Every structure is written in C-alpha cells, then in structure tokens.
Amino acid sequence: MENNKSLFAAAALETSVDLARALALPADPGHFNELHGVTAIAIGTGPITPAASQNQTQRTSLQMAGTEPAQVQAAPSKTAEKTDAQAALSPSWNRFFELLGGKGFDDLNHRSANLQRQIRDNGVTYNVYADADGPQRPWSLDLFPVILSAQEWAGIETGVRQRARLLDHIMADVYGPQQLLAQGLLPAALVQGHPGYLRAMHGIKPAEGNFLHIAAFDLARGPDGRWWVVSQSTQAPSGLGYLLENRLAISRLFPQAFREMKVQRLAASYKTLIDGMKARCQAGADGEDSRIVLLTPGPYNETYFEHAYLARYLGLTLVEGSDLLVRGDRLYLKTLQGLEPVHGLLKRLDDEFLDPLELRSDSTLGVPGLLQVIRAGHVLVANAPGSAFLESSALLGFLPALSRHLLNEPLALPSLATWWCGEQAALHEVLPRLKDCVIKGTYPGSGTEAVIAQMLSRRELDEWAGRIMRHSEEYTVQAYLPLSQTPTWHGERLAPRSTMLRVFAVADGTGEWQVLPGGLARLAGPNNKIASMQQGGSSADVWALAADVEPAAAQSTRGTKAFTEPTTRPGVLNPSTPIARHKPPVTSRAAENLFWLGRYTERTENSIRLAQLTLQSLSGEEQSSQPLLAWLSEMAVRNGLVLESVPPATQARRVFERSLISALADTEQAASVGYNLRSLKSAASAVRERLSQEQWHVIVRADEDFFRHCASFSGPEHPATQALEYSSVEALRALESASSFLAAMTGAQTDRMTRDDGWRLLSTGRHIERLNTLAAALILGFETGAVHDAGGFDAIIAFFDSTITFHAQYQQQREVPALLDLLVLDRDNPRSLGWVTQTLRERLSKLSRNTAGAVQDVPDMTSALPNPGSWQLADLSVAIPGMESERHAGLLAQLEQCCSAAFELSDAISRRYFSHAASSDHSLGA
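Residues numbered from 1 in each chain as written. Predicted model: local features only at pLDDT ≥ 70, side-chain atom pairs only at ≥ 80, totals over all residues. Heavy atoms only, no water.

Enquirer: So what exactly am I meant to see when it comes to the overall build of the protein here?
Expert: Secondary structure assignment for the protein yields 30 helices and 23 strands. A burial count over the protein gives 57% of its 926 residues as buried. A separation of at least 24 residues holds for 73% of the contacts in the protein among residues at least 6 apart in sequence. Summed over its atoms, the accessible surface of the protein is roughly 38,200 Å², and 50% of this surface lies on carbon and sulfur atoms. (Helix = DSSP H or I, 4+ residues; strand = E, 2+ residues; numbered from the N terminus. Buried < 20%, exposed > 50% of the residue type's maximum accessible area, 1.4 Å probe, protein only. Contact = heavy atoms within 4.5 Å. Areas by Shrake-Rupley, 256 points an atom, 1.4 Å probe, with all protein chains shown as cover.)

Enquirer: Would you mind going over the pairing of strand β13 (residues 344-347) with me for this structure?
Expert: Along a regular strand, successive side chains alternate from one face of the sheet to the other. Where burial is concerned, the two faces of β13 agree: the one with G344 and L346 and the one with L345 and K347 are both buried. Relative to β13, strand β8 (residues 292-295) runs parallel, the two sharing four bridges. Within β13, the position partnered with V293 by the bridge is L345. When β13 meets strand β14 (residues 380-382), the two strands line up parallel, connected through three bridges. Opposite L346, over in β14, you have A382 as the bridge partner. (Pairing = 2+ DSSP bridges.)

Enquirer: Help me understand the nonpolar core in this model?
Expert: The tendency in soluble globular proteins is for nonpolar side chains to be buried as a group. The biggest cluster of nonpolar side chains holds 99 residues, and the ones touching the most others in it are W631 and F706. Ranked by residues supplied to this core, first place goes to helix α24 (residues 757-783) with 13 residues. The residues touching F706, leaving out its near neighbours within four places in the chain, are L664, A665, V673, G674, L677, A734, L735 and A738. One finds V191, L198, V326 and V379 within the second-largest nonpolar core, a separate group that totals 73 residues. (Core = buried A, V, L, I, M, F, W, Y, C linked by side-chain atoms within 4.5 Å.)

Enquirer: Whenever I open this one, the sheet that holds strand β10 (residues 324-327) confuses me. Can you help?
Expert: Strand pairing within a sheet occurs via backbone hydrogen bonds; the two strands may be parallel or antiparallel. Spatially, β10-β11-β12 is the arrangement adopted by the three strands of the open sheet, whose pairing is antiparallel. The two strands at the open ends of the sheet, each matched to only one other strand, are β10 and β12 (338-341). Geometrically, the sheet is characterised by an average inter-axis angle of 45° between neighbouring strands, direction not taken into account. Note that β10 and strand β11 (residues 330-335) share four bridges and pair antiparallel. Opposite R327, over in β11, you have R330 as the bridge partner. (Axes fitted to C-alpha atoms, helices over the stretch in contact; angles between N-to-C directions.)

Enquirer: Mind showing me how you'd approach the side chain of T499 here?
Expert: Within the fold, T499 resides in strand β20 (residues 493-507). Residue T499 is classed as buried on the basis of its relative accessible area of 3%. Here the side chain of T499 touches R497 through a polar contact of 3.0 Å, landing on its backbone oxygen. What T499 contacts, discounting residues up to four positions off in sequence, is V146, L483, S484, Q485, T486, A521, R522 and L523. (Polar contact = N/O pair within 3.5 Å; in protein donor to acceptor, adjacent residues only side chain to side chain.)

Enquirer: Is there a simple way to think about the sheet that holds strand β18 (residues 475-479) in this case?
Expert: Strand order across the open sheet formed by four strands is β15-β18-β16-β17, with antiparallel pairing between neighbours. Only two strands of the sheet have a single partner each, and these edge strands are β15 (418-420) and β17 (451-452). Pairing between strand β16 (residues 437-441) and β18: five bridges, direction antiparallel. Looking at β18, one finds that K440 is bridged to T476. Those strands touched by helix α17 (residues 458-470) are β16, β17 and β18, and its axis lies near 130° from that of β18.

This is how it looks when you write it as structure tokens:
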C-alpha cells in the first residue's frame, strides 16, 4: 500500500491517462487487452484459434457448410511489443480516463466503497446455491465499465439482430413444416432428441406469429480482436434487470464520462419489449386493455431480485404459478376482485416447469393447463415454450448453413468453432485437436460441466476421448478461446479480468428486432478462466458509444419503430386527452403475504417491547413484585419469548432471564424476536416488487443488525458462567436498535404505501394481531392481579406503548377505571382496543366494497367484531349475572370476545381473499 501511495505521489503531475498506464497490470499472454486494444503477445502456432478451426473443418460436415472465407479469415490483431506501461491506451479508454474527474485516481477507492454501499442498500442480490456463506449474497459489480466503440457496437448490433431473426425462423420451422429436418440441414437428434423439444407444441402458431420475443447471446473477444458468439439463451434469458441496475449505479459514479462519451441509453429497449407484447396480445372482446404479467419461480430462484426489479420497472404484476389458473382455455389471475383474464406472460421459468399436466408432472412452479391455453391462441408467452433446443452449443455449428438457407445471407457475427460429435466427420476432425478445445454436454441435465482440455492430464484427456467416442451424440466440442481482459480496479491497481459479454435482442411487435445498446459483462474471478457468477465472478456495466455524427439523444430510439414524436411538449397537459389510470391488481398470493407482513410487523414490535419490558423489570425497582413477575412470565410464554418448560420468574428469576436472552435470536426452538423478524423478512421478500428500495433496505438492515448484536452476547466467547448483567445490557441494546428499525418499518407502511386493497390487508393484519395481543395482555393483567399492583400497572401501560399519554392525562393515578378509559375506550389512542376495533371495521368495510367480485360470498366479516361505540366504562366495571364475585366480569367477557373475533376474522379473510374455491364450470388449475 505504501508503494502505491508513493506511486500516486510521484505521478501527481501526470495526467490520469499517464497514471492509468503506470498502474495497469499486464494482461495474460495470448489474451486481447481491452485497455490497450492489443493482444498481450504474438499468437503463434499452438492453441487452436476460432478461425483456424473453421477453415480446417471438412465440407463433408453439415455443421460448417456455408461458412464464407471472409468470415473465417482472422482479422489481423495488434501485438503488444512494448510493456503495458509504455503502450498507448485505446481511444475509448484514453477518453474515459481524461474525463475521470477532478480527483482522478485519488477518488477511485471512495467511489468503489460508495458502489458497494449502494448495491447493499438497494438490496441487489444474486442467489448462489454453492456458496458456503448462504444462498443469498450481494450482487458483485465492478467499478469500471466495459467500453465498446461505436464501430464495434455497430458490428455487434447487426450480427445479434440477424441471429435473433434466424433463431425465430428455425423455431417456426421446427414446430411447423420441419423442412430443415427433412432436408438434413438440422439433425433430428439435436431437435427431437433434445429434452427441450416439446412435442405438445408442434403445429402451434403462437399468438400473432413470433415464437421468440427476447434472445440473449454470449459473446467473447478472441486474440484476433474479433467478437465471437459462444452461446445463446432463449428460454428465460437472465440479466435484463441486473444490467439496468448496473447502468444506474455506474453512470452516477462517472457522470461526466457517461455524458461526454455519448453512451447509448437503455430505456427505449424495455419500452419496445412491452409495447411489442401489448401490440400482439389478444385483449378481450369488450376491448379491455391487455394484461401482461411476469411469471417467476419464486423468492428462492437465483435471480429473483431481477424478477421483482423488472416487474416494478416495467409496471407488470409479478406472479407465481399458484397465482394463475386455467378455465375454459383461458388464463386467469387470482386477485382480490376475483379472477381477471391474462393476455400476456413474460416468463422467467424454464419450459419444463410450465405445465405439470403436459410437461414435468412434479412441477409446483407452473400452471396446469397452460399449454392448452397457448394452443387455443388465447395467451402470448414470451418466449413460447419449446425453445430450449436452441440453447444447445451444438447448434452453433449448423447456423452458417441455416442462415444462408433461411435468410439468404451469411452470418454477420461468427460463431466460435463448434463440433457436434454426433456427426462422424466432425468427431474425426476434432479428436486429434481435443487438447486445445473445451468439452461440453450437448443436452441439459447430462451433468457435464464445461471442461477446458488444456487443464487435463494426458490420462484424463484420453479418458474424455473414450467417453466421447462411446457416447458421441452427448458431447459437443468448442475451440478454446482466450477471453479478452478488461481493466478492473483492484488493490490500487488496474487489474485485467477475463470478460464475456451478454447482449439482448427484443422483438418490437412489428416483425423487427431491436438490440439493447450495451449489455451485461461477466468477469471471471481471480485466477479463473471461466466468467461465471456462480463461480465467484462479477459483473460490469457495458457502455456502447454512439457515433459522433449521431446525436446522443437520438440513440434511445434508433432501430425501433415503436416511438413517435410527441404532439405536445412534455409536462403540458392536453385537456382533451383523457388520462388512463392503470390500477394494478392485487393477486391473492401478494394479498396473503401483505396480510402476514402486517401481522409479523406487529408481532415483532410487540415481542421487542415485551422483551425490553421484561429485562428492565427483572433488574428494576419492582423486581420483587410477584403479580408483575407472574404477568411477565405468562406473557413471555404466550408470545414465544421463552419455552413453557422454563420455570417462571416467580420461581427462578435469573434462570427465566437467561432463557429469555438465549431465545432472542433462536429461530428454530423458540418464536421470539429473531423468529418473528425472519418471518417478517420472508413475507416482505415475497412482495418485494411492491416495496420501495428504502423499505426493503430497512428490513434487511434490521435483520442483520439484530443478529449481529445477538452474536456479540450469545456466542461461544460469552460462556454461561459470565456475569449475566453484561448479557442483559447487550440484549437491551440489541432490542433498542431493533425497535428503532421497527419504527422505521411502521412509518414506511403507514406513510409510504399506496392505500390500495393490498395495503388495507396489511393494515388489517397488523390490527388483528394488535387486537388479540393487547386483549390477551389485559386478561392476564386481571388474572394475575398485575393491574392492582403498582409495578404491574405501569408495565401494562408500557406494553400498550401509552405511558406518556397516561401520565399526561391522569398524572400519577393508578386506578383501574383510568387504565380502562385509555386502553379500552379511548378511540383517539391507536393502542386502545376501541381504536383498533373501530379501525378494523372501517378497513374491512372499504375492502368489502372494493372486492364485491370476489369468488367467495361470505357474510359480513365485521359481524364478529364487538362494537366499541356501545362500550361504557360503567358496564365494563360491573359483574354479570352468575359471576357476581368477579367485579370486572363484563370487561373480561368483552376482552375474550376481542380475542375470539381476531381468530375468526383471520380465518374469514383467508377463506374469502386468499383461496379461490372451485366452481362447477372450471376445467383446470383449481
């Protein structure tokens, strides 16, 4: 670090460009250096190059037939004859460092820290199944973008657009006339033998034509300086959400460079996708707007953040398979208003899980009968099921001939040389050069990960050759391509990292394709040759620069027909134009999760307050009060703070206290604060698309902060023999911090969420939980005699969070009528039972009016709730017939009614809004 500081000081008078050259570590030999625009060393004989493999492939192989000499001739690459510190930077990187800003390199560490903080605060995550630290981790994003010149991008854009058209033509033929199979241009084993080929889709023409609406292509730059297509994704291409988040983060860190370098914008491509789907969706006969939803596998999917992010950005309803059902060859969404038709489906789910009736029968992620709806032409699915065979690496070898046959033009962007070993000519061609290639499985589910043959011993290589010869159809071999290396900021130096580029094409609804300007770059981890997020890699933003002759403002609309010039100036309302207000539906699943988010928020808040109150009382002035200890013990057991087997505080105060502290963060044996906090987070994650980034950030921070605090006093470094007072102080500190976070959550739910029916259910869940908990607390207060004890009286007031209000209204009175007046009757106090009951009645009444079309016709749900308007203090303080010995029997009867009403109401809400019982006229999916 000191050496680097000295280097910064010595270079103080140099420009940022000179400093970049001085700080750049050399690229690996044989890799194209993006920073300098040259290959690290001269490429001689030895490892196979993509071009050489194509030139040498025999024309008897169908895979490479039609390859043009102009395509396979390797472009002359520059070779680094000087050291990296002496070599000039490429024009794009030279301009980037010129625009680095006033503080230049001195500020990069600060920007990097801000980037990591922003990713963490925004809750951007990527679920890694093999991660020892847990399945969810923050998204990894490098500080520097990958920069593509206008000329480079123009070539990529042309090639990707052409390939998207080609793949759509191939799929249309495979599921239609199958001429490609009949003419031998595609082997049947690669199509009909592929598990992703869906026979149920044969003969189906998707709604309005297109099979594909999104296609992703993975590109790599070779030592020759050219871009090569390595693979393609069509089932549910991931990355559209992450690349948008990358762009927002990096453009803010380098605003001057982003503006001056004329980086092409992304937003228009997303609008093109949605507008294209809407244009092709078949809305209902009564002319209602097309409803498009985004289908996700759920919160445990590796890219769930992206699903929620895209749904929020595109304005789509995020749904899981259980949110949808099929009736009469049509697809419906379960909502609080009943069943609503769905016309378009943007799926982020692999095909095999889509329909358990016709595809994978054990799938719980799909919709029974969905293929039936597709066959009827009543729903547009992007992309249409059955495209998985297009993702096979083996297909790349056949694309040159297919392009000439279907498009009557050669491929503009070459594929990496690929041999499907199911053809004898290709097998015999590739075996002698296997050591210079990469071995892949032809079909998914084979268990074969990509194997770089150069890393194998001679014995291992022979074993692989034997496997390939025995099961040739199952293997595909690709030329090994040393990935180009882009600069990253690492440890005060510019370190090169191997890079792959994912580029997206989207259909615009008119038969044309638009290429998203830029893409998602994946960077290999240190000492890793594979650019994969699942193997410790990271990502980078991709800047596609606009040509100097084209204004930057025009770039967002280039290549699409979906945009027209506005007829009025932005921000000026045309009075004659009606404003179309789109009210998004609340799905039954989202409603249920919002309901439980409200309940767990209230439950967590109550458990925190009770734990604080208990720990303070056990060491306070009233620690010897038996009624207080009895009330606290009963409340702690009923609210899950301690197990029933723990001796009460009236018998073993210190044992009870130690048990309560040890259970705070227990998420398995107890249902204490930690359990409720995790449940709250789980419910929130299921409706993440409905929460602001700030709300989600508060929830994540609350969880992390609480368990970090608890680890400091309950870990192995604090044995049970340690003084208990230390743990009690630390526990109270953790609870105080958690309480602050809960206050922020409550404020966000109250003041920063739209008052739709989903919010009303969230609020209803909170109030049902509050009604039950506070009514039960008062019942126990009378049963244990705590209301007649000074310490118990104050504790009950504190648990109702009404201490300040009570003292302001009643000063130092400790009389039961005053307590009942504030905690039961006062409808200006949001913690009183009267206010909670009245608010519940209002919420449910509005909810019932808004959801008159719900499937279940049940009686008025407010009938179970007591009417606080009829409560009188005198009535609550007198005995009832048959119970004259109990002075407050009337009150206890009302409190019992409140508890039972809370349970009945919860069940009634579940029956009415969260399940759609089968009716006699539905066919599938109930």
